[in-house]
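Architecture and fold: a report
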Amino acid sequence: GINAEYGGGAKGAQGDTVTGDAGADGADGADGSKGEPGEDGVDGLPGVDGPVGPVGPPGDDGVDGGVGDQGPQGPKGETGAPGVQGPPGDDGSDGSNGEVGDEGPKGEQGEKGAPGAPGYEVDPDNVDPQSGDMSSYFNFLEQNKDELGILPQGDAGDFGDDGADGRNGADGAPGKDGAAGADGADGIPGLPGTSGMKGVAGADGASGDQGAVGDVGPDGVDGISGADGDAGDDGDEGDEGEYGETGDDGDQGPEGEDGGCGCTIPETTCKMCDMHVLTRHSQTDAIPTCPDGFSSLWTGYSLVYLEGNGHSVEQELGSSGSCLEEFQTVPMMQCSGDEACRHGLRTDKAFWLATDGSPDMTEKPMNNLDDMIPRISRCNVCGGPSKVVTRHSFTSETPACPDGFHEIWTGYSYLMGTSSGDSGSGQELSSAGSCLENFYIPTFIECLGRGTCAFYINNIDYWLAQNQETTQPGMWGMGSVYDGVAQILDEGVARCAVCAKNVRYIYSPKDQL
């Protein structure tokens, strides 16, 4: 309990945390109280049989027993000697006809016979053509058997000799068991067995209930100040500071030397240039950076086109409309003349640039946003003073930018994508949206109004093709098939470059945003 000499003063401020040295081992505690008796041990093993006791005195003569039941049949006796042959038996009855024997081997061809007697023509009128009855024919044979040489049937032959004795029959079934005999007399009681082995010790008793919480002790002494902690990680990089105001005009410099005769076109100066907007798509789940000289206006998710009621509306990938700041499976609703609007109709679709270059086409549609969002490409809408153009090479080599322009990214020449029916979208080949930095098949993922997204086999992409050299005039290149991504990149798809106009800044592009 609390000692009365300690007052109830206010709790002191928490001291700095310092890990002290380990204290000395405490004194041994008092002996614990005696535990409850353990449970009974298991039964010991049976004792060893005692030695056989001495033979007792002979018992009194027992009462004569009654006639016992008939005992079991004795074993079969030995075979007796053969008996004297008996007198001949009476003639047996006629045996049944034996079975037809197997066909004998084919005999050798006999000699040629003598010419036969003149034959007799059978009158067809004696045969009934409907029933096939030939009784008249057989009557004719019977009446003319002498002339035809037909012999009468012979008498039955003599009986053959008796057959050999048959084999012994199978053994008969065993007889039934005899009745049980009477119980024998009780034996002499055995000697007591030895004591069993000591049982195994009982298991420990269960732990007792936890004791009650003790009273609060007095406030401790303020701890020693802790050592300084490790230095924290560097903070995130701060935003870029604003440009300072234009400085005062400098002093007139010394007169320069006469320049040589040059013909380089000076760069366009830009003080109040028009803003040009382009959109860049990463085709990954990371937000892309804006090119040098451009600043980010907003970031979002890469929308290719929408489909409603069987009609599609494309979003040119170089325009800001292809970068939506929020992701929905289908970011539109359908409104009709009954002053009602419906969001998420099953027939509505949205097509987004994908992040997966080799998706599993057998994968079931995703219905969880946590699974969908990593599959949707991110984008950045960028503004700057430079005009942007896109150039396509129709070869496997990246084209060079025109004079007065510099390269801001390179990629593959994307033309359009289609889905089921008349649905689809295309890109302006002059736009930065027609030059995608990654070659994916398929390029986009399809999301439905019911809230699912998946890759479908009927979603088809069109890319500009390389112009392969050929000596065959006419319809050259028809039917070429490029199998595998490596061959497609080497021989199939054309390359492109997005180029920005060279400008000389007087004010930073950020001043105009």
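Residues numbered from 1 in each chain as written. Predicted model: local features only at pLDDT ≥ 70, side-chain atom pairs only at ≥ 80, totals over all residues. Heavy atoms only, no water.

This part takes up the overall build of the protein. When helices and strands are tallied, the protein shows four helices and 18 strands. When contacts within the protein are restricted to residue pairs at least 6 apart in sequence, long-range pairs at least 24 apart make up 77% of them. Roughly 40,800 Å² of accessible area belongs to the protein as shown, and the carbon and sulfur atoms make up 48% of that amount. (Helix = DSSP H or I, 4+ residues; strand = E, 2+ residues; numbered from the N terminus. Contact = heavy atoms within 4.5 Å. Areas by Shrake-Rupley, 256 points an atom, 1.4 Å probe, with all protein chains shown as cover.)

Right, let's talk about the state of the cysteines for a bit. Summed over all chains, the structure comprises six disulfides. Linked covalently through their sulfurs, Cys290 and Cys382 form a disulfide whose S-S length is 2.0 Å. Taking the sign of the torsion about the S-S bond as the criterion, the disulfide between Cys290 and Cys382, at about -85°, is left-handed. Here Cys382 lies in strand β9 (residues 378-384) and Cys290 lies in the loop between β2 (276-281) and β3 (295-308), a separation of 92 residues in the sequence. We note that Cys290, like Cys382, is buried. (Disulfide = S-S within 2.5 Å. Buried < 20%, exposed > 50% of the residue type's maximum accessible area, 1.4 Å probe, protein only.)

For the rest of this paragraph, the subject is the pairing of strand β6 (residues 333-336). Across four bridges, β6 lies against strand β7 (residues 340-343) in antiparallel orientation. Bridged to Ser336 within β7 is Ala340. Here β6 hands over to β7 after three residues, with Glu339 in that stretch at a positive phi of 55°. (Pairing = 2+ DSSP bridges.)

Before going further, it helps to spend a moment on the pairing of β3. Relative to β9, β3 is paired through six bridges, and the arrangement is antiparallel. Within the sheet, the bridge partner assigned to Tyr301 lies in β9 and is Arg378. Where β3 meets strand β5 (residues 323-324), two bridges bridge the pair, whose relative direction is antiparallel. Pairing of Ser302 across the sheet is with Cys323, part of β5. Direction of pairing for β3 relative to strand β8 (residues 349-353): antiparallel, over a ladder of four bridges. Note on β8: the bridge partner recorded for Leu303 is Trp352.

Moving on to the packing of aromatic side chains. All chains considered together, the criterion is met by eight aromatic pairs. Look at Tyr301 and Phe327: their rings are 6.0 Å apart centre to centre, the planes differ by 50°, and that puts the pair in the tilted class. Highlighted residues: Tyr301 in strand β3 and Phe327 in the loop between β5 and β6, separated in sequence by 26 residues. Across the pair, exposure class does not vary: Tyr301 and Phe327 are buried alike. Taking 4.7 Å as the distance between ring centres and 50° as the angle between the ring planes, the aromatic pair formed by Phe439 and Trp463 counts as tilted. Residue Phe439 is found in the loop between β13 (435-436) and β14 (444-448), and its partner Trp463 is found in strand β16 (residues 460-463); the two are separated by 24 residues along the sequence. (Phe/Tyr/Trp six-rings, centres within 6.5 Å; stacked < 30°, edge-to-face > 60°.)

Formed by 15 residues in total, the largest nonpolar core has its most connected members in Phe327, Trp352, Ile376, Ile445 and Cys453. Residue contacts for Ile445: discarding those within four places in its chain leaves Ala350, Phe351, Trp352, Ala354, Met366, Arg375, Ile376, Cys453, Ala454 and Phe455. By size, the runner-up hydrophobic cluster in this structure holds 13 residues, among which are Tyr305, Phe351, Tyr414 and Val493. (Core = buried A, V, L, I, M, F, W, Y, C linked by side-chain atoms within 4.5 Å.)

Attention shifts here to the pattern of salt bridges. Any two side chains of opposite charge can pair, so long as their charged atoms come close to each other. Going through the model one piece at a time under the given rule, you end up with four salt bridges. Note that Arg342 and Asp338 form a salt bridge whose closest N and O atoms lie 3.5 Å from each other. What makes Arg342 partly exposed here is its relative accessible area of 36%. Across the pair Arg375 and Glu363 runs a salt bridge, and its minimum N-O distance is 3.3 Å. (Salt bridge = Lys/Arg side-chain N within 4 Å of Asp/Glu carboxyl O.)

Turning our attention to a nonpolar patch on the surface. A contiguous nonpolar surface patch, about 230 Å² in accessible area, is contributed by Met275, Val277 and Leu297. Inspection of the secondary structure puts Met275 in the loop between β1 (268-270) and β2. Residue class for Met275 comes out partly exposed when judged on its relative accessible area of 36%. (Patch = residues over 30% accessible without salt bridge, like charges linked within 9 Å, V, L, I, M, F, W, Y side chains within 5 Å.)

The subject of this paragraph is the side chain of Ser377. For Ser377, the position within the fold is in the loop between α3 (369-372) and β9. For Ser377, a relative accessible area of 0% corresponds to the buried category. Setting aside anything within four residues of it in sequence, one finds Ser377 in contact with His281, Ser282, Gln283, Thr284, Gly300, Tyr301, Ser302, Leu353, Ala354 and Thr355.

Moving on to the environment of Thr355. Along the polypeptide, Thr355 turns up in the loop between β8 and α3. Between the C-alpha atom of Thr355 and that of Pro442, which follows or precedes it by 87 residues, the distance is 9.9 Å. Setting aside chain neighbours within four positions, we find Thr355 in contact with Gln283, Thr284, Asp285, Pro374, Arg375, Ile376, Ser377 and Tyr440. From its side chain, Thr355 meets the backbone oxygen of Pro374 in a polar contact 2.8 Å long. (Polar contact = N/O pair within 3.5 Å; in protein donor to acceptor, adjacent residues only side chain to side chain.)

At the junction of Ile441 and Pro442, the peptide bond is cis and its omega measures out at -5° in the coordinates. For Pro442, the position within the fold is in the loop between β13 and β14. A positive phi is found at Asn309, a non-glycine position, where the angle reads about 55°. Within the element layout of this structure, Asn309 appears in the loop between β3 and β4 (311-314). Residue Glu339 is not a glycine yet carries a positive backbone phi of 55°. Tracing the backbone through its elements, the reader meets Glu339 in the loop between β6 and β7. The exposed category is assigned to Glu339, whose relative accessible area is 80%.

Should pLDDT be low for a region, the predicted coordinates there are not to be read in detail. For the protein, mean pLDDT is 73; residues scoring 70 or higher make up 46% of the total. Ranking the elements of the protein by mean pLDDT puts β1 last with 51 and β5 first with 96. Contacts for the low-pLDDT stretch residues 1-9, under 50 throughout, to residues beyond four places or in other chains number five contacts. (pLDDT = per-residue confidence, 0-100.)

Okay, the environment of Ser396 next. Looking at where Ser396 falls in the secondary structure, it is placed in the loop between β10 (388-392) and β11 (405-418). Not counting the four nearest positions on each side in its chain, Ser396 is found in contact with Gln466, Leu489, Asp490 and Arg495.

In this section: the environment of Gly492. You can see Gly492 is positioned in helix α4 (residues 485-492). Those residues in contact with Gly492 that lie beyond four places of it in its chain are Leu464, Ala465, Gln466, Tyr482 and Gln487.

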